[in-house]
Amino acid sequence: MHSVTLSAQPDLLSAFARTLGGLPVHGTVVGSMADVLGLQRGDIVLRVNGVNARELHRIRFSQSGSQGVEFQVLRQGSLVELSLPEGTDPVEALLELSDYLVGRACA
C-alpha cells in the first residue's frame, strides 16, 4: 500500500475536502490570521462554531463581537480543535481566513 501526502497534492486535497464537506488549507503566510490560529498546509476545516465550513455565511456573532470562534479541523487523519485568540474580532478574522480557505492567499 502507498501513502499519499495530501498537502503536496492540492487537487487531491481539494477533492478530499469536498468529499468531507470541508475547506482545504493550501498554505498560510507567517503572521497571518491563519498562522495565528494554527492552521497548517494540508488541514481541512470541517466546522466553524458548529456550522459546516462550506456555509461560513451562516455564522452569526453577538453584537459585542466577544463570542469565540471554534474550528474543527482534520489534520493528518485526526480531529483538532482550534480557537481564535481572545480579543480577536471574529468577523475580521473570518474575512481574512476566508482567503485561505478558498486558496487565494497561499504561500
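Residues numbered from 1 in each chain as written. Predicted model: local features only at pLDDT ≥ 70, side-chain atom pairs only at ≥ 80, totals over all residues. Heavy atoms only, no water.

A.B. asks: Explain the nonpolar core to me, and be specific about the residues and the numbers.
C.D. replies: Counting residues in each nonpolar core, the largest one holds 18 residues, and the members touching the most others are L37, L39, V45, F71, L82, L84 and L97. Those elements that provide at least two residues to this core are helix 2 (33–37), strand 2 (44–48), strand 4 (70–75), strand 5 (78–83) and helix 3 (90–101). Sequence-distant contacts of L37, that is, excluding residues within four places in its chain, are made with F71, L82, S83, L84 and L97. With 5 residues, the next largest nonpolar core counts L13, I44, L46 and L74 among its residues. (Core = buried A, V, L, I, M, F, W, Y, C linked by side-chain atoms within 4.5 Å. Buried < 20%, exposed > 50% of the residue type's maximum accessible area, 1.4 Å probe, protein only. Helix = DSSP H or I, 4+ residues; strand = E, 2+ residues; numbered from the N terminus. Contact = heavy atoms within 4.5 Å.)

A.B. asks: For the pairing of strand 2, give the residues involved together with the corresponding values.
C.D. replies: By the criterion of burial, strand 2 is predominantly enclosed, with 4 of the 5 residues buried. As paired elements, strand 1 (residues 23–24) and strand 2 share 2 bridges and run antiparallel to each other. Within strand 2, the position partnered with L23 by the bridge is V45. As paired strands, strand 2 and strand 4 are joined by 4 bridges and run antiparallel to one another. Its bridge partner being in strand 4, I44 is matched across the sheet by L74. Strand direction decides the pairing type here: strand 2 and strand 3 (residues 51–52), joined by 2 bridges, are antiparallel. Along strand 3, the bridge assignment pairs V48 with V51. The antiparallel hairpin formed by strand 2 and strand 3 contains 2 residues in its connecting segment, where N49 sits at a positive phi of about 50°. (Pairing = 2+ DSSP bridges.)

A.B. asks: Would you mind going over the environment of R47 in detail, with residue names and values included?
C.D. replies: With respect to the element layout, R47 can be found in strand 2. Along the backbone, R47 and V73 are 26 residues apart, and their C-alpha atoms lie at a distance of 7.2 Å. In contact with R47, other than residues within four places in its own chain, are N52, A53, E70, F71 and Q72.

A.B. asks: Describe in detail the pairing of strand 4, supporting the description with residues and values.
C.D. replies: Of all 6 residues making up strand 4, 5 are buried, and the element is well covered by its neighbours. Linking two consecutive strands that pair antiparallel, namely strand 4 and strand 5, is a turn of 2 residues; a positive phi of about 50° is found at Q76 within it.

The quantities given are spatial measurements derived from coordinates; they are silent on function.
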